[in-house]
Amino acid sequence: MFLALKEIKHEKLRYSLIIAMIVLISYLIFVLTSLALGLANENTEAIDSWNVRSILLNKDSNISLGQSTITNEQADDINLTKKDAYVGSASVVAKSSGHSQISSTYLGLDKNQFIENNLKLSSGHKVRNDKQIVADEKFKDSGYKLGDKVKLDSSSGKFTIVGFTKNAKLNVAPVLYGTLSGWQTLKGMGSTMKASAVVSKNTKVDNSNSNLKTYSINTFIDKLPGYTAQNSTFTFMIAFLMIISLIVIAVFLYILTIQKLPNYAVLRAQGIPANVLVKTTIFQSIILVLAGLIIGTILTVLTALLIPTSVPMNFNFPMLSLVALGLIITSILGAIIPVRTILKVDPVTVIGG
Amino acid sequence: MTAIELHDINKEFGSGLSRVKVLNNVNFKANKGELVLVLGPSGSGKSTFLTITGGLQTATSGDVTLDQNNISKISKRDMENFRLNKIGFVLQAYNLVPYLTVKEQFKLVDKVKKSHNLDNEQLMTLLKTLEIDDLINKYPSELSGGQNQRVAIARALYTDPEIILADEPTASLDTGRVDEVGELLQSLAKQQNKAVVVVTHDLRLENYADRIYEIMDGSMTERVN
């Protein structure tokens, strides 16, 4: 530890450059991971906020909420509990004079069921009639205010925004929470349809209708349009980036150690045990990577604070910790690879012959 | 009392047609309280002799006995330990760590060898004798060749070794300093009963030696006065 710290202190420029490289690599990985998670989160944040485990859909809907319908007749076969809630989904485009159009998802809810009851508002109040909506905060960020009237289609008249809520996006589109009657109107199906689906905090919805089927919420999420493909792409991108970055860091630390071999030869000639030199090398690598990770993390947090809200960033601390751990392990590996060379360093080389 | 004894030491490098014999049946002895000089030109094998004596490399054949221990038969780890505790190397290449100040060079030894080093008073006396006591906060790169060499000598003596092996310790020194180093090495042998072996081609050190060996083309002979 003594040697490791003294060398870093003495060779400030060299070690600053190495730390800067680790900062940039960790920053790149952290930011990309956070962006990917942010995007993934925008697909599911409404569902995540409901805290549900299963969903009952029409089995011909291809596990798509937008394609699924449950008729009143089918609904009679569902034994609804307090842990179940109807959801009516419709894709809409919100229009209002003076504001940009926003592609959204209207979700009709039953005011007596848990989604509506547990809905947390950042401002305003919950819906009191079929022409009121609670909008995701993206609307607020786009300039919409409480009391604004928006058209969601050409025939249903205007809806009034009476509240805003955070974390209400489904498949990246902001959600507009309304009533099941409002949903029926938007869909133009009258009252023959009960809802699009039933979501449940249980693993299964008690249903005897053969046209309806319960799916786990993970299965449903995986089938969200583009979700799996997008996540796979990001996962591969980050994985390749990690692998390449880790190799680059390992190679740098290896070269750093190899450059120190003449000094190690001197120390070995003096009788300094090889294990002291190995510990010094590993400790030094850990210091460098930790310093790089800490600065990289601070930069990432600053970026998240400064980046526009339209660019979603999400921190998954277990995952980022895993990335950090990967970097630390790689740095140790980078330092361990030349251990054999350190152990075999020939003190005679400093004496000559 | 015999501190160093080399018996029929041979050292070969390479194999087949490229085989080179660097040391040829070398026999050598140094007692405690003696300063023994090994004189020879460059390429004569004197550094190889020194590294084998100090356990930095092994002989192709023959035995090396240091302080009653046959080091040809001990493990690498034990040899490292032996070197740290019993041998002080003064190397031509100064053997200083470039990123440690003079003071820290000694601190490093304290970290690894926690006892039986010189105490602070003894160290300051040694540094004053070598006239480097005002350089303790300097890095090796800030010192002249001669100053580096004197720090290297102090570093080698700091562990209070029983055996001192010096490789061209006066290579970077002017005549005045050569005499000082010669006197210092001689006093270490006489007053502290250490075995001091100096390999050099610097004839200016002859006056300080108790015995002189000459080495030429790997063969060593003791000069008889």
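Just so you know, these numbers come straight off a predicted model, no measurement behind them.

What to know about the packing of helix α10 (residues 274–306) of chain A against helix α11 (residues 317–336) of chain A
Residues and elements named next belong to chain A.
At step 1: Packing of α10 against α11 brings their axes to within 9 Å, and their N-to-C directions diverge by 150°. Between α10 and α11, the angle is such that the two are roughly antiparallel. The crossing of α10 and α11 is right-handed. Only Ala324, Leu327, Ile328, Ser331, Ile332, Ala335 and Ile336 of α11 make contact with α10, whose side of the interface consists of Thr281, Ile282, Ser285, Ile286, Val289, Leu290 and Leu293.

Things to note about the pattern of salt bridges
At step 1: Taken as a whole and judged by the stated rule, the model has 21 salt bridges over all chains.
At step 2: A salt bridge links A:Lys6 to B:Glu104; the nearest nitrogen and oxygen atoms lie 2.7 Å apart. With one member in each of two chains, A:Lys6 in helix α1 (residues 2–10) and B:Glu104 in helix α3 (residues 102–112) form a pair that bridges those chains.
At step 3: Judged by its relative accessible area of 9%, B:Glu104 falls in the buried class.

Re helix α5 (residues 145–158) of chain B
Residues and elements named next belong to chain B.
At step 1: Taking 1.5 Å of rise per residue, 14 residues should cover 20 Å, and α5 covers 20 Å from first to last C-alpha, within 8% of that figure.
At step 2: Burial analysis of α5 places twelve of its 14 residues in the buried class, which makes it a mostly covered element.
At step 3: Along α5, the residues that are buried comprise Gly146, Asn148, Gln149, Arg150, Val151, Ala152, Ile153, Ala154, Arg155, Ala156, Leu157 and Tyr158.
At step 4: Looking at the buried positions of α5, the neighbouring elements they touch are β6 (87–90), α3, α4 (120–129), β7 (163–167) and α6 (175–192).
At step 5: Aspartate 160 lies just past α5 and shows a positive phi near 55°.

Section: the sheet that holds β6(B)
Sheet strands pair via backbone hydrogen bonds, and the direction of the pair is either parallel or antiparallel.
All names here are of chain B.
At step 1: In spatial order, the strands read β6-β7-β8-β3-β9-β10; together these six strands make up an open sheet with mixed pairing. A strand with exactly one partner marks an edge of an open sheet, and here the two such strands are β6 and β10 (219–222). Neighbouring strand axes in the sheet, compared pairwise and without regard to direction, differ in orientation by 20° on average.
At step 2: Judged from the four bridges that link them, β6 and β7 form a sheet pairing that is parallel. Each bridged residue has a counterpart across the sheet, and for isoleucine 87 the counterpart in β7 is isoleucine 163.

Quick look at the UniProt feature "transmembrane region" (unreviewed entry) in chain A
At step 1: The residues that UniProt annotates with the feature "transmembrane region" (unreviewed entry) are residues 15–39, 234–256, 276–307 and 319–339 of chain A.
At step 2: The span residues 319–339 of chain A shows a helical share of 90% and a strand share of 0%, and its end C-alpha atoms are spaced 30 Å apart.

With respect to the packing of aromatic side chains
At step 1: As enumerated under the stated definition, the model contains seven aromatic pairs over all chains in all.
At step 2: Look at B:Phe28 and B:Tyr213: their rings are 4.5 Å apart centre to centre, the planes differ by 45°, and that puts the pair in the tilted class. In this pair, B:Phe28 is assigned in strand β2 (residues 20–31) and B:Tyr213 in strand β9 (residues 211–216), connecting sequence segments 185 residues apart.
At step 3: Residue B:Phe28 is classed as buried on the basis of its relative accessible area, which comes to 3%.
At step 4: Among the aromatic residues, those joined into a ring-pair cluster are B:Phe28, B:Phe49 and B:Tyr213.
At step 5: Its end group placed over the ring of A:Phe159, A:Lys131 keeps NZ or CZ at 4.6 Å from the ring centre.

Thoughts on the domain arrangement of chain A
One frequent convention defines the size of an interface as the accessible area lost when the parts assemble.
At step 1: Assigned domains within chain A: domain 1 (2–43 + 228–352) and domain 2 (60–210).
At step 2: Computed over C-alpha atoms only, the centres of domain 1 of chain A and domain 2 of chain A are separated by 48 Å.

Brief notes about a nonpolar patch on the surface
All names here are of chain A.
At step 1: Where nonpolar side chains cluster on the molecular surface, the patch consists of Phe236, Phe240, Ile243, Ile244, Ile247, Val248, Val251, Phe252, Tyr254, Ile255 and Ile337 and spans about 1,000 Å² of accessible area.
At step 2: Looking at the secondary structure, you find phenylalanine 252 in helix α8 (residues 227–259).
At step 3: On the accessibility criterion, phenylalanine 252 (38% relative accessible area) is partly exposed.

What about the sheet that holds strand β5 (residues 69–70) of chain B?
All names here are of chain B.
At step 1: Across the sheet, four strands lie side by side as β2-β1-β4-β5; this open sheet has antiparallel pairing. Since the sheet does not close on itself, it has two edges, and those belong to β2 and β5, each with one partner.
At step 2: Here eight bridges tie strand β1 (residues 2–13) to β2, and the two strands are oriented antiparallel to one another. Each residue of the ladder has a partner; that of leucine 6, found in β2, is phenylalanine 28.

Thoughts on the layout of surface pockets
Residue and element names in this part refer to chain A.
At step 1: What the largest pocket holds in volume is close to 550 Å³.
At step 2: Lining the largest pocket are 23 residues, and of these Glu42, Asp141, Lys169, Thr309 and Pro312 sit closest to its centre.
At step 3: Among the secondary structure elements, those contributing two or more residues to the lining of the largest pocket are α2 (12–50) and α5 (137–141).
At step 4: Ranked by residue count, the leading element in the lining of the largest pocket is α2, at four residues.
At step 5: Mapping the lining of the largest pocket onto the domain boundaries places at least three of its residues in each of domain 1 (2–43 + 228–352) and domain 2 (60–210).
At step 6: Of the pockets and cavities examined, the second largest pocket occupies roughly 340 Å³.

Rules used throughout
- Residues numbered from 1 in each chain as written.
- Chains lettered and ligands numbered in written order.
- Predicted model: local features only at pLDDT ≥ 70, side-chain atom pairs only at ≥ 80, totals over all residues.
- Heavy atoms only, no water.
- Axes fitted to C-alpha atoms, helices over the stretch in contact; angles between N-to-C directions.
- Helix = DSSP H or I, 4+ residues; strand = E, 2+ residues; numbered from the N terminus.
- Parallel < 35°, antiparallel > 145°, perpendicular 65-115°, else oblique.
- Left-handed = near helix turned anticlockwise from the far one by under 90°.
- Contact = heavy atoms within 4.5 Å.
- Salt bridge = Lys/Arg side-chain N within 4 Å of Asp/Glu carboxyl O.
- Buried < 20%, exposed > 50% of the residue type's maximum accessible area, 1.4 Å probe, protein only.
- Expected span 1.5 Å × (residues − 1).
- Pairing = 2+ DSSP bridges.
- UniProt positions renumbered as here; feature names shortened; annotations may be inferred.
- Phe/Tyr/Trp six-rings, centres within 6.5 Å; stacked < 30°, edge-to-face > 60°.
- Lys NZ or Arg CZ within 6 Å of the ring centre and 35° of its normal.
- Domains from an automatic or database assignment.
- Patch = residues over 30% accessible without salt bridge, like charges linked within 9 Å, V, L, I, M, F, W, Y side chains within 5 Å.
- Areas by Shrake-Rupley, 256 points an atom, 1.4 Å probe, with all protein chains shown as cover.
- 1 Å grid on protein atoms, 1.4 Å probe; cavity = no way out; pocket = protein on both sides within 12 Å on 5 of 7 lines; lining within 4 Å.
- Points joined across faces, edges and corners; volume = space filled by probe spheres on them.

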